[in-house]
Amino acid sequence: MPHYIWETGAGPGIVLPVVRQSLETLDEGALLRHVARGDRRAFDELYRRTSPWLTARLRRRCADDDVVAEVLQDTYLAVWRSAASQARHSGGGSAVGWLWTIAAHRLVDAFRARARAARVPAVQTFATVAPAAEEEALAGGMEADLEQALLALPPNLRRVLRAMVLDGLTTRETSVLLGMPEGTVKTYARRARIALREALS
């Protein structure tokens, strides 16, 4: 169904169809620049395009749908508020990467808030039994040896590596996200690096 906007000028108002095709041909970085200028249609298109992927990625890290919904809402609110600053200082960085960085930190914040309120929820991270979509996408741009080395890591090591390298989280944030002691996170991260180095030597 076509969407419409109400155009007014010197003459009477005219109802014109909104041409979505122009937005649909833009990549996420271009959409973000439109959002930075206050373009709500570009924001809606960015949400339509990225929210299914972002929701799925959050659910791989959190089994509580309420937490996922809260994080998703907070993430896109932050995107709307901060798009102008990101567009100015991105230096050509990935818009999708920036979006996930916000979501990952919001998820950690949500876990911390619930812990502080002493309302320990049934928030569990799902065990990774197969490579996640972003891992496969990342591996697709790597040489075959590195791809195989990453996918051969034990699940716990791969989860830590994904959080700290792909998601850009600190040791403490990774500890909160995965429900592991910080010492365990450090140990797993060290083992993952050693395993990768040995596999590639």
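Source: prediction; values computed, not measured.

Criteria and thresholds
Residues numbered from 1 in each chain as written. Predicted model: local features only at pLDDT ≥ 70, side-chain atom pairs only at ≥ 80, totals over all residues. Heavy atoms only, no water. Salt bridge = Lys/Arg side-chain N within 4 Å of Asp/Glu carboxyl O. Helix = DSSP H or I, 4+ residues; strand = E, 2+ residues; numbered from the N terminus. Buried < 20%, exposed > 50% of the residue type's maximum accessible area, 1.4 Å probe, protein only. Core = buried A, V, L, I, M, F, W, Y, C linked by side-chain atoms within 4.5 Å. Domains from an automatic or database assignment. Contact = heavy atoms within 4.5 Å.

Draft legend 1. Molecular detail of the pattern of salt bridges. Applying the stated criterion to the full structure yields six salt bridges. The partner of D44 in a salt bridge is R40, and the shortest N-O contact between them spans 3.1 Å. On the criterion of helical spacing, the pair formed by D44 and R40 is a turn pair, its members being four residues apart in helix α3 (residues 40-59). For E182, the salt bridge identified is with R172, shortest N-O distance 3.4 Å. Of this pair, E182 sits in helix α10 (residues 182-200) while R172 sits in helix α9 (residues 171-178), and the two are 10 residues apart along the sequence. The class for R172 is exposed, based on a relative accessible area of 53%. Bridged by salt links that share partners, the residues E28, E45, R48 and R49 form one connected network.

Draft legend 2. Focus on the nonpolar core. Counting 45 residues, the largest nonpolar core has L54, L58, V67, V79, L107, V160 and L177 as its most contacted members. Within the residue set of this core, elements represented by two or more residues are α2 (28-36), α3, α4 (65-89), α5 (95-116), α7 (144-151), α8 (155-166), α9 and α10. Both domains that meet at this core, namely domain 1 (24-126) and domain 2 (128-200), each give it at least three residues. When near neighbours in sequence (up to four residues on either side) are disregarded, L58 contacts V68, V71, L72, W100, A103 and L107.

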